[in-house]
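For reference, the chains in residue letters:
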Amino acid sequence: QSVQAASYKLILDRYVGMHKLHKKCAVMTAGNLMTDKAIVNKLSTAMQSRIISFVIRVCKFAWRKWADGANVDHRVKSFIEYRPELLHKFDPNHTDLTFPCPRTWEFTSKLIKPMPRIAIEKLPLLAGTVGEGAAQEFYSYVQIFPDLLKIEEIVKDPMGCKLNLEKSVHYALSGIIAEEMKPENATELTQFLTRLDIDFQVVTLKSAITRNRDLRRNKEIQKWIAINAEELLD
């Protein structure tokens, strides 16, 4: 409460001591709800009348846009596309040591980046990061990666290479293609993507173009954008 009181002048009058904030300086605060059980103090009525309050929620699309720019591991990104409800699964009364949320998935990404394959011995590490249930699901999901089509196989025969019909495989392939697409293989990979549902095409190309803006110059991608501009910009 004393910290809140000390910030009244900063938030309302925009002064730090005798120094006024620059006109382009924005003052924002962030906190948890009382119901989150996150060791918070209730906002005083004096503070309530000095701010504009919003309650925000986790958005998969906003998170994916951030994740593409933050170099989050493609296995984490494609898993969240596959199981979006696990991006943020929070119960303030849970009894696990932790839970899946954007922060803990970022931790997971950093942990697995150096691991081409995730061994069963790493399952306790994952469980300690995102919780046991989410860790088990994520571990089972990443086990399909070694058997996926290789980028070289796709580039060699984009329309003829054998494609598994399992949706989990399509999510995983989308993540790898978004990660590995470059100007030199973009034509073939884009052709291959047309064999997947439009949702996979959109997510994959959005992610790939975010990572490498030069891909917009590729004629096959330009052709795809001309046909599917409405879905891409949605």
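All figures in this text were calculated on a predicted structure; none of them were measured in a lab. (Residues numbered from 1 in each chain as written. Predicted model: local features only at pLDDT ≥ 70, side-chain atom pairs only at ≥ 80, totals over all residues. Heavy atoms only, no water.)

Visitor: Which parts of the structure should I look at to understand the overall build of the chain?
Guide: A count of helices and strands for the chain gives 12 helices and 2 strands. Ordered by position from the N terminus, the helices and strands of the chain form the series α-β-β-α-α-α-α-α-α-α-α-α-α-α. For 234 residues, the compact-globule formula gives about 17 Å, and the C-alpha radius of gyration of the chain, at 22 Å, lies well above that figure. Across its three principal axes, the chain shows a C-alpha extent of roughly 70 × 45 × 30 Å. By sequence separation, contacts in the chain at least 24 residues apart represent 63% of the contacts at least 6 residues apart. (Helix = DSSP H or I, 4+ residues; strand = E, 2+ residues; numbered from the N terminus. Rg over C-alpha atoms; globule rule 2.2 N^0.38 Å. Contact = heavy atoms within 4.5 Å.)

Visitor: Is there a simple way to explain the packing of aromatic side chains in this structure?
Guide: How two aromatic rings sit relative to each other is set out by the distance from centre to centre and by the angle between their planes. Across all of its chains, the model carries 10 aromatic pairs by this definition. Ring-pair connections join several aromatic residues into one group, and the members of that group are Phe 79, Tyr 82, Trp 105, Phe 138, Tyr 141, Phe 145, Tyr 171 and Phe 200. The side chain of Lys 9 reaches across the aromatic face of Tyr 15, ending 5.6 Å from its centre. (Phe/Tyr/Trp six-rings, centres within 6.5 Å; stacked < 30°, edge-to-face > 60°. Lys NZ or Arg CZ within 6 Å of the ring centre and 35° of its normal.)

Visitor: Sorry, what's going on with the layout of surface pockets here?
Guide: It is the rolling of a water-molecule-sized probe over the atoms that shows where space remains empty. As a volume, the largest pocket reaches approximately 2,000 Å³. If you go around the largest pocket, you meet 40 residues; those closest to its centre are Thr 29, Ala 30, Gly 31, Asn 32 and Leu 33. With 4 residues, the single largest contributor to the lining of the largest pocket is helix α1 (residues 2-13). Among the residues forming the lining of the largest pocket, the class breakdown is 25 nonpolar, 9 polar and 6 charged. (1 Å grid on protein atoms, 1.4 Å probe; cavity = no way out; pocket = protein on both sides within 12 Å on 5 of 7 lines; lining within 4 Å. Points joined across faces, edges and corners; volume = space filled by probe spheres on them. Nonpolar A, V, L, I, M, F, W, Y, C, P; charged D, E, K, R; others polar.)

Visitor: Looking at this model, I keep getting lost on the packing of helix α5 (residues 102-112) against helix α6 (residues 123-130). Mind explaining?
Guide: When two helices pack together, their arrangement is captured by the angle between the axes and the distance separating the axes. Put simply, α5 and α6 touch, their axes get as near as 8 Å, and they point 155° apart. Judged by the inter-axis angle, α5 sits roughly antiparallel to α6. For α5 against α6, the interelement crossing comes out right-handed. Across the interface between the two elements, Thr 104, Trp 105, Phe 107, Thr 108, Leu 111 and Ile 112 from α5 touch Leu 125, Leu 126, Thr 129 and Val 130 from α6. Along the lines of polarity and charge, the residues of the contact of α5 with α6 split into 7 nonpolar, 3 polar and no charged. (Axes fitted to C-alpha atoms, helices over the stretch in contact; angles between N-to-C directions. Parallel < 35°, antiparallel > 145°, perpendicular 65-115°, else oblique. Left-handed = near helix turned anticlockwise from the far one by under 90°.)

Visitor: What should I look at first to understand the nonpolar core in this one?
Guide: Generally speaking, a soluble globular protein has its nonpolar side chains buried in company with each other. Judged by nonpolar contacts, the single largest core of 49 residues is most densely connected at Trp 105, Phe 138 and Met 181. When residues of this core are assigned to their parent elements, the largest contribution, 6 residues, is made by helix α7 (residues 132-142). Residues in contact with Met 181, not counting those within four places in the same chain, are Ala 186, Leu 189, Thr 190, Leu 193, Leu 205, Ala 208, Leu 215 and Ile 221. (Core = buried A, V, L, I, M, F, W, Y, C linked by side-chain atoms within 4.5 Å. Buried < 20%, exposed > 50% of the residue type's maximum accessible area, 1.4 Å probe, protein only.)

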